[in-house]
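Fold and contact review
If you want the building blocks of each chain, they are given just below.
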Amino acid sequence: MNILLFGPPGAGKGTQSTFLVERLKMKHISTGDLFRAAIKNKTSLGIEAKGYLDQGRLVPDSVTIGMVDEVLKNNGRSSSVILDGFPRNVPQAEALEKLLEKHDMQLDRAVFLEVPTNALVERLSGRRTCRGCGTVYHLQSKPLKNGKNCDVCGSTDVYQREDDKAETIKTRLQVYSDSTSPLKEFYSKKKKLVEIDGQGEVEAVFLRVREALKS
Ligand code: ADP
Ligand code: AMP
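What comes next is a walk through the structure. (Residues numbered from 1 in each chain as written. Chains lettered and ligands numbered in written order. Predicted model: local features only at pLDDT ≥ 70, side-chain atom pairs only at ≥ 80, totals over all residues. Heavy atoms only, no water.)

Every α-helical turn comprises 3.6 residues, leaving residues that sit three or four positions apart pointing alike. Under the 1.5 Å per step criterion, the end-to-end length of helix α9 (residues 202-214) is 19 Å for 13 residues, consistent within 8% with the ideal 18 Å. Three or more residues of α9 are buried, namely Val 205, Phe 206, Val 209, Ala 212 and Leu 213. The buried residues of α9 occupy one face: seen down the axis, they fall within an arc of 120°. In this structure, the buried side of α9 is in contact with β1 (3-6), α1 (13-24), β4 (109-114) and β8 (193-197). (Helix = DSSP H or I, 4+ residues; strand = E, 2+ residues; numbered from the N terminus. Expected span 1.5 Å × (residues − 1). Buried < 20%, exposed > 50% of the residue type's maximum accessible area, 1.4 Å probe, protein only. Arc of directions from axis to C-beta. Contact = heavy atoms within 4.5 Å.)

Laid out in structure tokens, this is it:
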């Protein structure tokens, strides 16, 4: 089963993907994570993408689609895939149709995580990310166990993403509303859309996601 997870920034896509990977052994493909890794490694892709990420704008479609093409090619068809953060607009969704055909894959569900804007701002502004292993925390809802080191890899470098600062959060929510929210209609027409309430305990949200994948 291949799915995509979409929704506004901070809806919990990465968090739910972690559960899906751990418990259902799915493979997580996050375009945001791929861009951050490229930036960290200072590859040409990273150098091109950095300005867009820092400003909260979308990396150009040609670059993003090319990157996903490469990842799907290398993935083969060995496991179920979660696409997280891709597609982020209708042209990308149309391109994904072609990519899936090219790689002999199909999309089973487009899972939309619904969270109101005030909660998103609270989640994004309190989010902290481990630079060592990418584990995601939240100052209130998921703090570091010992207050200093990453629970998973022990790194002390747990930072606030540049795009999780107030001004950029505003831009990202606007980009979501302008470019990404039309995907609900896109996938509804294709009868792939499943809408999930993304509020409440992470475990409760996961149960809803799991149920949606069964139905
Ligand atoms: P996305 O990948 O959609 O941008 P994340 O999974 O990184 O979102 O979650 C954003 C922030 O909200 C993180 O700090 C995460 O710990 C927190 N978070 C995720 N799910 C929930 C939830 N159900 N309730 C409260 N906080 C959550
Ligand atoms: P995320 O980690 O999903 O919040 O993504 C962080 C940032 O990466 C976004 O604000 C964009 O700058 C970039 N990005 C991630 N996915 C895409 C995409 N599908 N298309 C364009 N830019 C993307």
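Let's pick the thread back up.
Pro 87 follows Phe 86 through a cis peptide bond whose omega is 0°. Looking at the secondary structure, you find Pro 87 in the loop between β3 (81-84) and α5 (90-102). The phi dihedral of Lys 25 is positive, around 55°, even though this residue is not glycine. Structurally, the position occupied by Lys 25 is in the loop between α1 and β2 (27-30). Taking relative accessible area as the criterion, Lys 25 reaches 61% and is therefore assigned exposed. Despite not being glycine, Asp 104 has its phi angle at roughly 55°, a positive value. Among the structural elements, Asp 104 can be located in the loop between α5 and β4.

Spatially, 3 strands are ordered β6-β5-β7 in an open sheet, and the strand pairing comes out antiparallel. The outermost strands of the open sheet, each flanked by one partner alone, are β6 (136-138) and β7 (158-159). (Pairing = 2+ DSSP bridges.)

Turning to α5, a few remarks are in order. Across its 13 residues, α5 extends 19 Å between first and last C-alpha, which sits within 8% of the 18 Å expected from 1.5 Å per residue. Considered for burial, the residues of α5 that qualify are Gln 92, Ala 93, Ala 95, Leu 96, Leu 99 and Leu 100. In an axial view of α5, the angular spread of the buried residues amounts to 160°, which keeps them on one side of the axis. In α5, the exposed residues that point more than 90 degrees away from the buried face are Lys 98, Glu 101 and Lys 102. Those residues of α5 that are buried are in contact with β1, α4 (61-75), β3 and α8 (183-189).

Glancing now at the site of ligand 1. Contacts to ligand 1 come from 16 residues, most closely from Lys 13, Thr 15, Arg 127, Tyr 137 and Gly 200. One nitrogen or oxygen atom from the side chain of Thr 15 is found 2.6 Å from an oxygen atom belonging to ligand 1. Tyr 137 places a main-chain nitrogen or oxygen 2.8 Å from an oxygen atom of ligand 1. Across the complex, the protein chains shield 88% of the 560 Å² of accessible surface that ligand 1 would expose by itself. Going through the elements one at a time, α1 and β6 are the ones with two or more residues in the shell around ligand 1. For the shell around ligand 1, the per-class residue count stands at 5 nonpolar, 8 polar and 3 charged. (Near = heavy atom within 4 Å. Polar contact = N/O pair within 3.5 Å; in protein donor to acceptor, adjacent residues only side chain to side chain. Areas by Shrake-Rupley, 256 points an atom, 1.4 Å probe, with all protein chains shown as cover. Nonpolar A, V, L, I, M, F, W, Y, C, P; charged D, E, K, R; others polar.)

So, about the site of ligand 2. Taken together, 17 residues lie around ligand 2, and Thr 31, Arg 36, Arg 57, Gly 85 and Gln 92 are the ones closest in. Taking Arg 88, its side chain carries an N or O atom lying 3.0 Å from an oxygen atom of ligand 2. A total of 490 Å² of accessible area belongs to ligand 2 in isolation, and the protein chains cover 96% of it. For the shell around ligand 2, the elements supplying multiple residues, two or more each, are α2 (31-40) and α3 (44-55). Examining the composition of the shell around ligand 2, we find that 4 residues originate from one element, α2, more than from any other. Class assignment of the residues belonging to the shell around ligand 2 gives a composition of 6 nonpolar, 5 polar and 6 charged.

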